[in-house]
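# Understanding the architecture of this molecule
Below are the chains, spelled out letter by letter.
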Amino acid sequence: MEPYQTLSRSIAGKTAIITGAASGMGRATAQLFAAEGAQVAVTDLRQEACDAVVAEIEAAGVPGKARGWALDVSDEAAIKRVVGDVAESFGGLDIVVNNAGFAIPGDVGEESYEDSWGPTLAVMLSAHQRMIRAALPYLRKSESPRIVNVASTEGLGATPGNSPYVAAKHGVIGLTRGLAVDLGREGITVNCICPGPIRTGITDAIPEEHKQIYAKRRVPLRRYAIPEEVAHMTLSCVLPAASFLTGAVIPVDGGLTIKNA
Ligand code: NAI
């Protein structure tokens, strides 16, 4: 028998770029990765919001380094510039987490449908491939290159009145699978997380009572999750030891998508 091999469960010293990292799951992921010793590029729409997360990370006295970059992921030129800056400042890039997003309804019967469709597809689908393509030259030089795309349980089913978001999130799953196949020969892994109901900026406006009713009716674990519970799954996907995990679509949803009645 071959001797047992110990694979690394550490991202210490790795460099990660996270989009939409000023709030919710992106922020929790930035904090967790820094706590695990990674160098973290905290990117989001506003520089001050990124700097606030960096200050939190520094105040926690964690071993990793963090720095903030303003990045609107609907701006392709900005993606190229920021990804290049991050790789130059931190001396490479190992991990990309495509997380930025928002929720605007898209009622197919309304004139405003296109107003939802355009930004939703730009930020929650096109941006993912643009981030990945901008990062590829650096990921190719990494010893354990990892990509995680944040989709949603809306990538596995559909809530009414939400079809642009549903289309984008189904697209993220397709992009994950397509790129996992294309980049596999280079050892670059591409995986996708499908969060269920999580307490973040996106769900903040839902009244607590509605959250409780929904969770008790639909979620086997009978509650919303906190963003840290998703961040830990993202961490598991980017470990050097996660070297044979690619093209995976992982619900982190308290059982929402497996419950029939
Ligand atoms: P959040 O609102 O707390 O964080 C999203 C962040 O993305 C914000 O800081 C926002 O400024 C940023 N963002 C929005 N547009 C951007 C752009 N154009 N460029 C750069 N950053 C931008 O929300 P949450 O929930 O943490 O969202 C993270 C991801 O999780 C999103 O992709 C969302 O669709 C997804 N998701 C959320 C669920 C939930 O229940 N909260 C469930 C399933 C998926």
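So, here is what we can say about the structure in this document.

Calculation criteria
- Residues numbered from 1 in each chain as written.
- Predicted model: local features only at pLDDT ≥ 70, side-chain atom pairs only at ≥ 80, totals over all residues.
- Heavy atoms only, no water.
- Pairing = 2+ DSSP bridges.
- Helix = DSSP H or I, 4+ residues; strand = E, 2+ residues; numbered from the N terminus.
- Near = heavy atom within 4 Å.
- Polar contact = N/O pair within 3.5 Å; in protein donor to acceptor, adjacent residues only side chain to side chain.
- Areas by Shrake-Rupley, 256 points an atom, 1.4 Å probe, with all protein chains shown as cover.
- 1 Å grid on protein atoms, 1.4 Å probe; cavity = no way out; pocket = protein on both sides within 12 Å on 5 of 7 lines; lining within 4 Å.
- Sits in = over half its atoms within 2 Å of the grid points.
- Nonpolar A, V, L, I, M, F, W, Y, C, P; charged D, E, K, R; others polar.
- Axes fitted to C-alpha atoms, helices over the stretch in contact; angles between N-to-C directions.
- Parallel < 35°, antiparallel > 145°, perpendicular 65-115°, else oblique.
- Left-handed = near helix turned anticlockwise from the far one by under 90°.
- Contact = heavy atoms within 4.5 Å.

## Concerning the pairing of strand β3 (residues 66-70)
Pairing of strand β2 (residues 39-44) with β3, which is carried by five bridges, proceeds in the parallel orientation. Residue pairing in the sheet places D44 in a bridge with A70 of β3.

## A look at the site of the ligand
Close to the ligand lie 28 residues, the nearest being S23, D44, N99, Y165 and T200. A distance of 3.5 Å is found between an oxygen atom of the ligand and a backbone nitrogen or oxygen belonging to A100. With respect to the ligand, the backbone of I202 contributes an N or O atom lying 3.4 Å from an oxygen atom. When isolated, the ligand has an accessible area of 830 Å², and the protein chains bury 90% of it. The cavity where the ligand resides is the largest pocket. Counting only elements with at least two residues in the shell around the ligand, the list comes to α1 (24-35), α4 (113-139) and α5 (163-183). Of the residues assigned to the shell around the ligand, the class counts are 15 nonpolar, ten polar and three charged.

## With respect to unusual backbone geometry
Most peptide bonds adopt trans geometry, and most residues besides glycine take a negative phi value. Of note in this structure, R222 is not a glycine but carries a positive phi near 60 degrees. Tracing the sequence through the fold places R222 in the loop between α6 (208-218) and α7 (227-238).

## Description of the packing of α4 against α5
Contact geometry for α4 and α5: axes closest at 9 Å, N-to-C directions at 20 degrees. Judged by the angle between their axes, α4 and α5 are roughly parallel. Regarding α4 and α5, the two cross each other, and that crossing is right-handed. Residues Y113, S116, W117, T120, L121, M124, L125, H128, Q129, I132 and L136 of α4 touch α5, and the partners they reach there are S163, P164, Y165, A167, A168, K169, G171, V172, L175, L179 and L183. Residues belonging to the contact of α4 with α5 are distributed by class as follows: 15 nonpolar, six polar and one charged.

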